[in-house]
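# Reading the structure
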Amino acid sequence: MKPICHTRQLCQGTRAGQSAAAGGRGVSVWPVVRAGLAAALAHWALWSSLAAEEPAAADARPANDAAAEPSYEADVRPILASRCLECHGAEQRKAELDLSTPEGLLQGGESGAAVEPGKPDESLLYEMVHEELMPAGDSEPLSEAEVETIRRWIAAGARIDSSAGGAAAETGAAGWHEIQALMLLRCTVCHGPRQQEGGLDLSSLPSMLAGGDSGPALVPGKPDKSLLLERIHAGAMPPRGRLIEASVKPMAPAEIEKLTRWIRDGAVEQGPGDASGLEAPASDGDRQFWSFQPPRPADVPAAGQPGWVRNPVDAFIAARLDERGLAPSAEAPREVLLRRACFDLTGLPPQPEEVETFLSDADPAAYEKLIDRLLASQQYGERWGRHWLDLAGYADSEGKREQDLPRRFAWRYRDYVIRSFNIDKPYDWFLLEQLAGDELADYEQAAEITQEIYDNLVATGFLRMAPDSTWANITGFVPDRLEVVADELDVLGSAVMGLSIKCARCHSHKFDPLSQRDYYRLVAVFKGAYDEHDWLKPQISTLKAPVSFDTQPARLLPYVLPAEREAWLARERGLDDEIARLRQELQRQAEPLIKEHVEKRLAELPEVLRDDLRKTLETPAEKRSTVQTYLAGKFESSLRIDQQQLSELDQGFKEQSEATARRIDELTALRQPEPAIRALWDRGDPTPAFVYRRGDYLNPGPAVEPGVPAVLADSDAPFEVQPPWPGAKQTGRRLAFARWLTRPNHPLTARVMVNRIWKHHFGEGLVRTLDNFGKAGERPTHPELLDWLAIEFVRKGWSVKAMHRLMMTSSTYRQSSTASEQQREIDPDNRLLSRMPMRRMEAEVLLDTLASVAGRLDHTPYGPPDPVSARADGLVTIDAGPRGWRRGIYVQQWRKQLPTLLEAFDLPQMNPNCVERSESIVAPQALHLLNDSLVRELAGHFAQRVRQRATGDWASQVEQVYLIALGRMPTGDERQLGAETLARLTEAWQNAAPADGVDVPAEQRALTSFCHTVINTAEFLYID
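No experiment lies behind these values; they were computed from the predicted model shown. (Residues numbered from 1 in each chain as written. Predicted model: local features only at pLDDT ≥ 70, side-chain atom pairs only at ≥ 80, totals over all residues. Heavy atoms only, no water.)

Looking now at the confidence of the model for the protein chain. Confidence along the protein chain averages 87 in pLDDT terms, with 89% of residues attaining 70 or more. Note on residues 273-278: pLDDT is under 50 here. Beyond four places in sequence and across chains, it has 14 contacts. Confidence over residues 541-552 falls short of pLDDT 50; this stretch has 25 contacts with residues more than four positions distant or in other chains. (pLDDT = per-residue confidence, 0-100. Contact = heavy atoms within 4.5 Å.)

Before going further, it helps to spend a moment on unusual backbone geometry. Note that the residue after M237, namely P238, is joined by a cis bond; omega there is -10°. With respect to the helices and strands, P238 occurs in the loop between α10 (227-233) and α11 (243-246). Across the junction of N911 and P912, the peptide omega takes the value 0°, indicating a cis bond. By the element assignment, P912 lies in the loop between α35 (900-904) and α36 (923-931). At R694, a position not held by glycine, the phi torsion is positive, near 55°. Classification of R694 by relative accessible area gives partly exposed; the value is 38%. (Helix = DSSP H or I, 4+ residues; strand = E, 2+ residues; numbered from the N terminus. Buried < 20%, exposed > 50% of the residue type's maximum accessible area, 1.4 Å probe, protein only.)

To describe a pair of aromatic rings, you give the distance between the ring centres and the angle between the ring planes. Enumeration over the complete set of coordinates arrives at 24 aromatic pairs. On the basis of an interplanar angle of 50° and a centroid distance of 5.5 Å, the ring pair of F289 and F292 is categorised as tilted. A single burial state applies to F289 and to F292, both of which are buried. Considering the side-chain rings of Y427 and F793, the 5.9 Å spacing of their centres and the 35° angle between planes classify their relative orientation as tilted. (Phe/Tyr/Trp six-rings, centres within 6.5 Å; stacked < 30°, edge-to-face > 60°.)

This brings us to empty space enclosed by the protein. Rolled over the atoms, a probe as big as a water molecule pinpoints where empty space is left. Overall, the coordinates contain eleven cavities of 30 Å³ or more when judged by the stated rule. What the largest cavity holds in volume is close to 110 Å³. In terms of lining residues, the largest cavity is bounded by E382, R383, R386, H387, D390, E842, E844, V845, D848, R887, I889 and R917. When contributions to the lining of the largest cavity are tallied by element, the ones reaching two or more residues are α18 (378-392) and α34 (843-853). The leading source of residues in the lining of the largest cavity is α18, at five residues. (1 Å grid on protein atoms, 1.4 Å probe; cavity = no way out; pocket = protein on both sides within 12 Å on 5 of 7 lines; lining within 4 Å. Points joined across faces, edges and corners; volume = space filled by probe spheres on them.)

Another aspect to go through is the environment of P970. Tracing the backbone shows P970 in the loop between α38 (954-966) and α39 (972-990). Assessed through its relative accessible area of 7%, P970 is described here as buried. Along the chain, P970 and A955 lie 15 residues apart, while their C-alpha atoms are 9.8 Å from each other.

It is worth spelling out the pairing of strand β1 (residues 689-692) at this point. Residues of β1 alternate between two faces, with A689 and V691 on one and F690 and Y692 on the opposite face, all of them buried. In terms of strand pairing, β1 meets strand β2 (residues 700-704) through three bridges, oriented antiparallel. By the bridge assignment, Y692 is partnered in β2 with P700. (Pairing = 2+ DSSP bridges.)

This next bit is on α34. Counted residue by residue, α34 has eleven buried out of eleven residues, so it is predominantly covered. For α34, the full list of buried residues reads A843, E844, V845, L846, L847, D848, T849, L850, A851, S852 and V853. Of the residues one or two after α34, G855 is the one with positive phi, at around 70°.

The next thing to look at is the nonpolar core. Formed by 142 residues in total, the largest nonpolar core has its most connected members in W388, Y413, V496, M497, F737, W758 and L789. Among the elements that line this core, the one with the most residues is helix α22 (residues 478-497), at eleven residues. Here W388 is in contact with Y413, V417, F421, Y427, F430, L431, Q434, F462, V496 and M753, once residues within four sequence places are set aside. Within the second largest apolar cluster, 44 residues are counted, among which are W885, V935, V946 and V958. (Core = buried A, V, L, I, M, F, W, Y, C linked by side-chain atoms within 4.5 Å.)

In total, this model carries 64 salt bridges according to the counting rule given. A salt bridge links E578 to R581, with the shortest nitrogen-to-oxygen separation between them at 2.9 Å. Here R581 and E578 lie together in helix α24 (residues 562-602), a separation of three residues that amounts to about one turn. What emerges from the salt-bridge pattern is a single network uniting R386, D390, E844 and R917. (Salt bridge = Lys/Arg side-chain N within 4 Å of Asp/Glu carboxyl O.)

This is the structure:
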């Protein structure tokens, strides 16, 4: 009997089960794990007892152990060829393992080496066939004889016959890629291309042989003569006292042994695992999946709903409704369409004047004019910019660990996004700037920083939004840096490509044809800017200290617009001048007082010395005579009085000095850090990129070149990297990637974006899994419509506003949310779009709407975020400015200190981003709206606004409340009931005690209560 690795089977089963349930999200597998482990332990105990009873049987080995050693070519290779190559050959290469060649066998796969010479029990190849885990599926396991042949071959050293064409005869040899990765990890921070302490560069073999000030770093074939190993064994390298400073760790014993073995074997630049030229091509079947094919032109269906089809969107929707025998819903009332459109495009309710104007406009194109007017407003960019900031993971703080340090200049990226949406920047260029803005123009040599150059650099903040803890040495080691890169690739995949790229970091994707090699190709694309072995910290400190851009200590660039820099310089000069004036004035006041006290001290000395001492004090030290020097040595310390001593001698001067110091502190607090851009830029000369097996940076695999996922590669549009301009130091890798991503026929880019626009208008995307267009994601409900929209998006110049007009002017968008019995039965989830969904306000929309109806919304755009305050009771509140509250998009967004009101209504905590907001219904929401002091304050302002607009009677007040808050006039019953309620509330408040000690008229308190009640209604919170 042989043991079965239940733990391995359990892990595989758990992963499969988890992936199958809800895309692997939020599924608890621990009960299964515990049950499986219990079964495994019970089985192991039973097997162990049987083995103990029959030791000879358990330890028995076939008698032919002493027989001739199995040959790779004659014995092992035929077994692999017949039983393994279907999954692990040159074409399939599952788990990055190719067993068709000696090189592939020696290189191993994403789980590491396939064989450990002399150690069959530690070799994955033997483990998998011995435990009958491979071949997978319904295939017959290997015979006992075949398994035994593999075991004996490994036990004998796993030698490759020279006739087999192997790259190395011994699998235990270390490859150059392992040594190079080791040097990068442990040594090149001090001895690399950018810094060569002692004149030594260990990043390449020639530079290692050339050595530094102390001579060659190594002697091939002679590890005991190699200075590098000598310093490592002595504990001198890396220096123990500088490990934290450099964010490196000493070499582990196994790493030292690997380096020693490589030097002993001749220190060559080739070895096992270095042959990475062969790529695993994507299969034709993989490429045929719908989302990996370019969008296909589709004929617009013939109108299936006469009189209802206004544009092609309606035609596609009507065709599907006809198939199911359904009719669309009736058109929503005009006031409903107005409120719906205003919230969709601006995130704000219509003002009473807008309601009256729109409802009285008899022009047949009134609705279309409304859409154009909303798209042209400043508020449009603020609304739709917020959607994109969710995808980017925008935050004003780092928040990776317990510290939540502020990001000084993150707001520039937020403002860039808002401006881009307002000017309808083409989406392809919008992406190009964010992915490679620093490679679009030579900003370092530009005569002047233009708005275009500034935007290019600010836009790269998209790649700087993930949480980043590497600001500190202790949290800035290579694995911490790789987490930042992984998060940014996660953002890229989920926001732009609609693929779960992050799954391939540790293993080839379980569902989609995305290999580990594909993942690290993408890592290599970003290596010029994000290099784990050549890292820049995200910030310097939390203080308003000047930035030393000459040494580039952090990821900040000084290339702001000239007007901003001049304004900053003028402000700083003004503060300098005022501080200097204060100090001069204090000195002017001090001089006569000092002279007076000096004279008092001179009067205590012999008269014959006084004149000489006065002249000595007035004469600079370097010009004094011998006598004056002697007198100074004897008397100057007692006669010289500074401002500090004067303060001790004169109470009046002390008070003046303290007042001046306080004023200087106030002025110093007004200083601002030198304006800078929180950007990502290509520094050139990136280090090599390796496949990290199982995502482990300590287990490097073969080197990879920058590239794109094989399944998306297009032979007609190859991925080609070139310098962005002649003589550029930049690699051009991200620019090549951005151009590949934004080519017109890219299978994913346009589809993903139009699907997001659709989701924000219709509640659900045509593909409901917004971030997953892969095999584990949902299929599109209307695939022809999705492709038609993607093609139309590109044809319209990648114009987002054109997509808004197309979708919002359709009859589909204008439907009522009321569902018939037939619609609820046939289309219960509204997947056929037989009606419009009703949606609740998002967190910022609620805040903005409360401030808007209260007349306290400050429309000032752009600039640093508005601060929030954490109260002693745990509530986080939003600070108002002199003109009220700015929009929620301008509120400081800490990762770990979200405003309580916004958090209650599902403001996401960016980790690393938010693809789709949740919409919870929980008790704290109602409690906040009822009891929150900010909401109550805004209800009071709302009541004051109503009183200013109403004619005075209760019915008029009710009308204004409904018009301002709900965008419509009340019905007759609502008007009567509202007036009666105001009358009863007024009567109730007349005999009540003053609120908070303030005597407020009963009518005003009644109206405030009524306004507060209305903003707690479902009609206020939900958009029909």
